[in-house]
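Architecture and fold: a report
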Amino acid sequence: MNRSRIAGAALLGEHSPNPPIPEPPQQVETGSRFVLRTPLSFPAGSSDLLFQNEQLVAAAKLSRDMPYCKLTPESGARGAVPPGTFTVGSVNYDEREIGTTSGMTRVTRIALTADASRQAYTLSCGWPAGAPARGFATTEQIFDAIGGQFSMNLLR
């Protein structure tokens, strides 16, 4: 296609048959740090903690209109999580959480390691099952979910 055809297509509002898929947010990078300001405890029988609107919430209390985050220990070790710094080891993005029953969609999965204890956790952030279709949670939306307990020190 020549330049005049491209310019004409843009002026006429012609669209590609396959519009580009929006990219996931890239602000949370390996090496970023999350600081837990208050101790956390996993309730008996629970393998994860849920955060939404800057507070811990029960699964039954999740709002479909806001993203949420789920903190899960990698080793299965539950109990108290003391305040401290957690370093981001990796970040990946997934359209739908695979292998779980949460139904979270547009998942940003952040691998965190506690600097003091070396305990590994996964912080998964996304939209509740049944929520209207939306993009991946932005850094601001992730903070809105976890900000009551964590601060975020991002590299950019």
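Residues numbered from 1 in each chain as written. Predicted model: local features only at pLDDT ≥ 70, side-chain atom pairs only at ≥ 80, totals over all residues. Heavy atoms only, no water.

1. Quick notes on the pairing of strand 10 (residues 150-153)
Convention followed: Whether a residue is buried, partly exposed or exposed follows from its accessible area with a 1.4 Å probe, protein chains only, as a fraction of its type maximum: under 20%, in between, or over 50%, in that order. Every helix listed is a DSSP run of H or I at least four residues long, and every strand listed is a run of E at least two residues long, numbered separately from the N terminus. Here, a strand pair is defined by DSSP locating no fewer than two bridges between the strands.
Judged by which residues are buried, strand 10 turns out to be one-sided: Phe150 and Met152 face inward and are buried, whereas Ser151 and Asn153, on the alternate face, are not. Here four bridges tie strand 1 (residues 33-36) to strand 10, and the two strands are oriented antiparallel to one another. If you follow Phe34 over to strand 10, its bridge partner there is Met152.

2. Some thoughts on the pattern of salt bridges
Quick reminder of the rule: Within this document, salt bridges are pairs made up of a side-chain nitrogen of Lys or Arg and a carboxyl oxygen of Asp or Glu, the two lying within 4 Å of each other.
Taken as a whole and assessed by the stated rule, the structure comprises two salt bridges. Of the charged contacts, one joins Asp94 and Arg109 as a salt bridge, the two residues approaching to 3.7 Å between their closest N and O atoms. Of this pair, Asp94 sits in strand 7 (residues 84-96) while Arg109 sits in strand 8 (residues 105-114), placing them 15 residues apart in sequence.

3. Here's the deal with the pairing of strand 9 (residues 120-127)
Across the eight residues of strand 9, seven count as buried, placing the element largely inside the fold. Pairing geometry for strand 5 (residues 68-73) and strand 9, over six bridges, is antiparallel. The residue of strand 9 that forms the bridge with Tyr68 is Gly126. The loop that links strand 8 with its antiparallel partner strand 9 comprises five residues; one of these, Arg118, has a positive phi angle of about 65°.

4. Description of the nonpolar core
This is how it is decided: We call a set of buried Ala, Val, Leu, Ile, Met, Phe, Trp, Tyr and Cys residues a nonpolar core when their side-chain atoms join them within 4.5 Å. Contacts are assigned to residue pairs that have any heavy atoms within 4.5 Å of one another.
Judged by nonpolar contacts, the single largest core of 24 residues is most densely connected at Phe34, Phe86, Leu112, Leu123 and Ile146. Elements with a contribution of two residues or more to this core: strand 1, strand 3 (49-52), strand 5, strand 7, strand 8, strand 9, helix 2 (139-146) and strand 10. Beyond its immediate chain neighbours, meaning those up to four positions away, Leu123 contacts Phe34, Cys69, Lys70, Leu71, Thr108, Arg109, Ile110, Leu112 and Ile146. Ranked by size, the runner-up nonpolar core spans five residues in total, among them Leu50, Tyr68, Met104 and Val107.

5. Some words on unusual backbone geometry
The phi dihedral of Glu54 is positive, around 60°, even though this residue is not glycine. Mapped onto the secondary structure, Glu54 falls in the loop between strand 3 and strand 4 (55-57).

6. Some details on the state of the cysteines
Two cysteines joined by a covalent bond between their sulfur atoms form a disulfide. So the rule is basically this: When two cysteine sulfur atoms lie within 2.5 Å, the pair is treated as a disulfide.
Throughout the structure, instances matching the rule amount to one disulfide. The disulfide partner of Cys69 is Cys125, and the gap between their sulfur atoms is 2.1 Å. With the S-S dihedral at roughly 110°, the linkage between Cys69 and Cys125 falls on the right-handed side. Residue Cys69 is located in strand 5, and its partner Cys125 is located in strand 9; the two are separated by 56 residues in the primary sequence.

7. A few points about the confidence of the model for the protein
The condition is simple: Confidence of the predictor at the level of single residues is captured by pLDDT, which takes values from 0 to 100.
For the protein, the average pLDDT comes to 82, and 79% of its residues sit at 70 or higher. When the elements of the protein are averaged for pLDDT, helix 1 (residues 3-12) gives the smallest value, 41, and strand 1 the largest, 97. Within the model, pLDDT remains below 50 along residues 1-16, and this stretch shows three contacts once partners closer than five positions in the same chain are excluded.

8. Looking at the packing of aromatic side chains
The following threshold applies: Two rings from Phe, Tyr or Trp (for Trp, the six-membered ring) form a pair when their centres are within 6.5 Å of each other. A pair whose planes differ by under 30 degrees is stacked, one over 60 is edge-to-face, and the rest are tilted. Distance and angle both matter: a charge sits over a ring if NZ of Lys or CZ of Arg is within 6 Å of the ring centre and within 35 degrees of the ring normal.
As enumerated under the stated definition, the model contains five aromatic pairs in all. On the basis of an interplanar angle of 70° and a centroid distance of 6.1 Å, the ring pair of Phe86 and Phe150 is categorised as edge-to-face. Of this pair, Phe86 sits in strand 7 while Phe150 is found in strand 10, placing the two residues 64 residues apart along the sequence. The class for Phe86 is buried, based on a relative accessible area of 4%. Joined through ring pairs, the aromatic side chains of Phe34, Phe51, Phe86, Tyr121 and Phe150 make up one cluster. Positioned above the aromatic ring of Phe136 is the side chain of Arg106, whose terminal nitrogen or guanidinium carbon lies 5.4 Å from the ring centre.

9. Examining the environment of Gly79
Here Gly79 shows up in the loop between strand 5 and strand 6 (80-81). Spatially, the C-alpha atoms of Gly79 and Ser41 are 5.4 Å apart, while their sequence positions differ by 38 residues. Excluding residues within four positions of it along the chain, Gly79 makes contact with Leu40, Ser41 and Phe42.

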